[in-house]
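Given next are the chains, with one letter for each unit.
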Amino acid sequence: MMIEILFAILVGGIGIYLLRHQSNFLGLSANQIQKTAHFYGWALLMVAVGLLISAIFFANVVWLMTIFLILSMALTMILAVIISSKLF
């Protein structure tokens, strides 16, 4: 349960970072990254809250935490692909 909470804090931190740095993220201009950072920031923040809730209140239901873990990993992977395609 502790690992899931730490992972939720990490994913939430990435979401907050994306929401705070929409204008200059990795050297990209605001019109290149603003909508992407806004969408993925909120999406990762919601997944982190869902993961925290499922880890704290529904610790016995493993499949619920697994869904949120897979969703957060998929979102970060897609975000990395989008950002790398805009960088290069």
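Before reading further, recall that the structure is shown in the block above.
Residues numbered from 1 in each chain as written. Predicted model: local features only at pLDDT ≥ 70, side-chain atom pairs only at ≥ 80, totals over all residues. Heavy atoms only, no water.

Novice: Which residues make up the overall build of the chain, and what are the values?
Specialist: When helices and strands are tallied, the chain shows three helices and zero strands. For the chain, the α and β elements follow one another from N to C terminus as α-α-α. If one aligns the C-alpha atoms of the chain with their principal axes, the spans along those axes are about 45 × 20 × 15 Å. For the chain, the proportion of its 88 residues judged to be buried stands at 33%. Across the chain, every contact between residues at least 6 apart in sequence was considered, and the portion connecting residues at least 24 apart equals 63%. (Helix = DSSP H or I, 4+ residues; strand = E, 2+ residues; numbered from the N terminus. Buried < 20%, exposed > 50% of the residue type's maximum accessible area, 1.4 Å probe, protein only. Contact = heavy atoms within 4.5 Å.)

Novice: Describe in detail the packing of aromatic side chains, supporting the description with residues and values.
Specialist: All told, the structure shown has one aromatic pair when counted by the stated rule. Here the aromatic rings of Phe39 and Tyr40 are separated by 5.0 Å at their centres, their planes lie at 80°, and the arrangement is edge-to-face. We classify Phe39 as exposed; its relative accessible area is 52%. (Phe/Tyr/Trp six-rings, centres within 6.5 Å; stacked < 30°, edge-to-face > 60°.)

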